[in-house]
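Architecture and fold: a report
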Amino acid sequence: MPLTVTPSGQACGAKVTGVDLSQPLDDQQIGEIRAAWLQHHVLSFPDQDISDDDLERFTLYFGGFGHDPFFDPIEGREHIAAIQRNADETSPLFAENWHSDWSFQEHPPAGTCLRSITIPPVGGDTLFANQHAALDLMPSEMRAELEGKGAIHSAQLAYAPDGAYGEKDEGRSMAIRPDESARKTQVHPLIREHPETGRRGLFSCMGYIIGFEGMTQQEALPLLTELYAWQSRDEFVYRHKWEPNMLVMWDNRSVLHCATGGYEGHDRLLHRTTIGAYMS
Ligand code: SIN
């Protein structure tokens, strides 16, 4: 079956058909998918009636599993987390701000795979922002301010006990487990080369980035805020609309992503794995 890759026509993203992910893939198929992933940064595979075994096998074609802190995995699996929201849930939406998954780690995951199970009839799109385009089109003054900066990453605002998903977060169906380790920090260059393509881009954003090396918080905050607004401009965004039985994989080194709401009164459930860092 020939693989067909259809670009979204937006800032990134493509749909892939002509492959059955419930079956093992051969080297040629894996190579073609990897090439399309590196080119388009977000791939969606519609009409894939797959199991968690299939999700795990697919993930491992592209690297080892990433390390997923602050979530309990689903029962019987070490590397699958449920992205879940029940119809009657009123806690703030999970992941409704731009981020690159686990960018506060020493070796953040190269990618993330999300398999849709229950998809609401309206809302619940996932947005992706192309961070190569965001850098390419950045005004030169802003770029000059940011070039060479070491960004300080931490999970503290989200996953520390006093963070957004911490002890005060109640009534959430997702198995989020905040802890003190969220306060650790890790520095990554803000502007860096993609480890596989060499293409330069912005890595992560305010939220997981809490400051810049050599700057006070007072100095860093306005810069981070201005940067966040730039990184997520409409012109860099692909809006992904989910269907049941869809697998999406994205490249955390090239895009930011964020969840959206608009499906109050409906359940939403997806199973997620992360693809470990690429080691050349
Ligand atoms: C995520 O950030 O992993 C979840 C995105 C979504 O729920 O759309």
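This structure is a prediction, so every number in the text was calculated from the model and none was measured.

Comments concerning helix H2 (residues 52-60)
Taken residue by residue, H2 has Asp 52, Asp 54, Leu 55, Glu 56, Phe 58 and Thr 59 as its buried positions. Sitting at the amino-terminal end of H2 is Ser 51, which places a side-chain oxygen 3.3 Å from the backbone nitrogen of Asp 53.

As for the sheet that holds strand S3 (residues 42-45)
One open sheet holds the 7 strands; their spatial order is S1-S2-S3-S13-S5-S15-S4, and the pairing between them is mixed. Each end of this open sheet is capped by a strand with a single partner; those strands are strand S1 (4-7) and strand S4 (81-85). Neighbour-to-neighbour, the strand axes of the sheet open up by a mean angle of 25°, direction not taken into account. Sheet topology note: the S1/strand S2 (residues 14-17) ladder contains 4 bridges and is antiparallel.

So, the side chain of Ser 116
Examined against the element boundaries, Ser 116 turns out to sit in strand S5 (residues 111-118). A distance of 2.6 Å separates the side chain of Ser 116 from the backbone oxygen of Glu 243, its partner in a polar contact. Within the structure, the side chain of Ser 116 is placed 3.2 Å from the backbone nitrogen of Asn 245, a separation counted as a polar contact. Sequence-distant contacts of Ser 116, defined by excluding residues within four places in its chain, comprise Trp 242, Glu 243, Pro 244, Asn 245, Met 246, Leu 269 and Leu 270.

Thresholds applied
- Residues numbered from 1 in each chain as written.
- Predicted model: local features only at pLDDT ≥ 70, side-chain atom pairs only at ≥ 80, totals over all residues.
- Heavy atoms only, no water.
- Buried < 20%, exposed > 50% of the residue type's maximum accessible area, 1.4 Å probe, protein only.
- Helix = DSSP H or I, 4+ residues; strand = E, 2+ residues; numbered from the N terminus.
- Polar contact = N/O pair within 3.5 Å; in protein donor to acceptor, adjacent residues only side chain to side chain.
- Pairing = 2+ DSSP bridges.
- Axes fitted to C-alpha atoms, helices over the stretch in contact; angles between N-to-C directions.
- Contact = heavy atoms within 4.5 Å.

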